[in-house]
Amino acid sequence: MPIVFNIDLMMVKRKMSSNELARRIGINAGSLSVLKTGKARAVKMSTLEALCRALQCQPGDILEFVEGPQSSDVLEET
């Protein structure tokens, strides 16, 4: 997937554990793990906002576009 979450990098910069971040943003550790590993197919804007608040960052600090194969869910233009 061409969109990558850099949550781990921000957690290291903020010296925050996964359990602490999950608690602060109000999701369970398993859901946070799905985001961190890039297995999430979608993210709620409220979750993104909570991540930015807890990590004191901007969305662009944790989201990155990486060239690669397109998601199979996206229709190619003809």
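Above this note sits the structure.
Definitions and limits used
- Residues numbered from 1 in each chain as written.
- Predicted model: local features only at pLDDT ≥ 70, side-chain atom pairs only at ≥ 80, totals over all residues.
- Heavy atoms only, no water.
- Helix = DSSP H or I, 4+ residues; strand = E, 2+ residues; numbered from the N terminus.
- Buried < 20%, exposed > 50% of the residue type's maximum accessible area, 1.4 Å probe, protein only.
- Disulfide = S-S within 2.5 Å.
- Core = buried A, V, L, I, M, F, W, Y, C linked by side-chain atoms within 4.5 Å.
- Contact = heavy atoms within 4.5 Å.

A short note on unusual backbone geometry
Link 1 in the chain: With phi around 50°, K15 is a residue other than glycine that occupies positive phi space.
Link 2 in the chain: Positive phi outside glycine occurs at Q56, with the angle close to 50°.
Link 3 in the chain: Position of Q56 relative to the elements: it lies in the loop between helix 4 (45–55) and helix 5 (59–62).
Link 4 in the chain: Owing to a relative accessible area of 64%, Q56 belongs among the exposed residues under this scheme.

Regarding the state of the cysteines
Link 1 in the chain: Within this structure, the stated rule accounts for zero disulfides.
Link 2 in the chain: C52 supplies the cysteine sulfur nearest to C57, a cysteine that is in no disulfide, at a spacing of 4.4 Å.

Points about the nonpolar core
Link 1 in the chain: I7, L21, I25, L32, L51, L55 and I62 are the most contacted members of the largest nonpolar core, which totals 19 residues.
Link 2 in the chain: Of all elements in the fold, only helix 1 (7–14), helix 2 (18–25), helix 3 (29–36) and helix 4 reach the threshold of two or more residues within this core.
Link 3 in the chain: Of the residues forming this core, the biggest block, six residues, is contributed by helix 4.
Link 4 in the chain: In this view, I62 contacts V4, F5, N6, I7, M10, L48, L51, C52, L55 and C57; residues no more than four positions away in its chain are not counted.

Some remarks on helix 4
Link 1 in the chain: Those residues of helix 4 that fall on the buried side of the exposure criterion are T47, L48, A50, L51, C52, A54 and L55.
Link 2 in the chain: Summarising the contacts, the buried residues of helix 4 are in contact with helix 1, helix 2, helix 3, helix 5 and strand 2 (63–65).
Link 3 in the chain: One or two residues past the end of helix 4 sits Q56, with phi positive at roughly 50°.

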